[in-house]
Amino acid sequence: MTWPSGHFGRVSVVSGTVCVVDELVERVDAQDRVLGVVSRREAVREGWLHRVGVVVCRDGQGRFLVHRRAEHLSRFPGHYELGVGGAAGVGETYEQAAARELSEELGVRATVCPRFKFLNRTGLSPHWLGVCDAVLPEIGAPDPEEVAWHGWLTESELRRALQRWTFTPDSQEIFDRYLACRAVPAFSRGGSS
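Per chain, residue numbering runs from 1 following the sequence as it is written. Since the coordinates come from a predicted model, pLDDT governs what is reported: local features require at least 70, and pairs of side-chain atoms require 80 or more to be given and counted, while whole-chain, interface and lining totals use all residues. To get the side-chain values, all heavy atoms of the structure are used, and hydrogens and water are removed first.

Chemist: Can you help me understand the confidence of the model for the protein in this one?
Modeler: Looking at the protein, pLDDT values average 85 and 83% of them are 70 or higher. As a per-residue measure, pLDDT tells how confident the predictor is, with possible values from 0 to 100. Whether two residues are in contact is decided by their heavy atoms, any of which lying within 4.5 Å being enough. In the model, residues 1–20 has pLDDT below 50 throughout and makes 32 contacts with residues more than four positions away in sequence or in other chains. For the stretch residues 187–193, pLDDT sits under 50, and the model shows 21 contacts to residues farther than four places along the chain or on other chains.

As structure tokens, this is what we get:
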């Protein structure tokens, strides 16, 4: 197995088994400029800004993909989520992180298009959130270690679900900003917060 350059921190080999201990991320400032490389665990613990890339997936009919996180995950177990994504590794763009996570979590390779980014202060720690989108003709084989359920919802169904189901803290803001900017060219808003 090959690892993306700089994506993971310390790696431990025990009895021929590789165990990933922590991932490395770029610590950034309030203008999204790189300050240095830290472990993600340290960034969360210290409240340091870092980058996270997510992709909002739609199908050919315009429906939104929603998934429920697996119950055993350390971050927001069992919560529903609009975006598929995760922390950007060292040297990775928001789009690259979103595309990698889409492949890892849903078994889908797709072209992701950057839409906007914002300083997200919800969740475990503050971070820059780069939101991309992609049209998916189908879902591959979701990783059961990450995804407990997934389904396609119309815009009105998603509005109702956001009020009734327990979503991750940033899902509502991603949805609101996504609807507000869907006619605006990608990333033209820069670093709005």
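Chemist: Before we go on, may I ask you to explain unusual backbone geometry in this structure?
Modeler: With the exception of glycine, most residues fall at negative phi, and the peptide bonds are largely trans. Positive phi, close to 65 degrees, is recorded for Asp32, a residue that is not glycine. Numbered from the N terminus, helices here are DSSP runs of H or I no shorter than four residues, and strands are runs of E no shorter than two. Inspection of the secondary structure puts Asp32 in the loop between β3 (24–28) and β4 (34–39). Partly exposed residues are those whose accessible area sits between 20% and 50% of the maximum for their type, while under 20% is buried and over 50% is exposed, using a 1.4 Å probe and protein chains only. Asp32 sits in the buried class, given a relative accessible area of 8%. Look at Phe76: it is not a glycine, yet its phi comes out positive at around 55 degrees. Topologically, Phe76 is positioned in the loop between β6 (64–69) and β7 (80–81).

Chemist: Would you mind going over the pairing of strand β10 (residues 127–135) with me for this structure?
Modeler: For a regular strand, side chains alternate in direction, first toward one face of the sheet and then toward the other. Counting buried residues in β10 gives eight out of nine residues, a clear majority hidden from the surface. Strands pair, by our definition, only if DSSP identifies at least two bridges between them. Where strand β5 (residues 51–58) and β10 come together, eight bridges link them in parallel fashion. What sits directly across from Arg58, in β10, is Val135. By the bridge criterion, seven bridges tie strand β9 (residues 113–120) to β10 in an arrangement that is antiparallel. Its bridge partner lying in β10, Cys113 is registered against Asp133. Counting the residues between successive antiparallel strands, the hairpin from β9 to β10 contains six residues, one of them, Gly123, with a positive phi of roughly 95 degrees.

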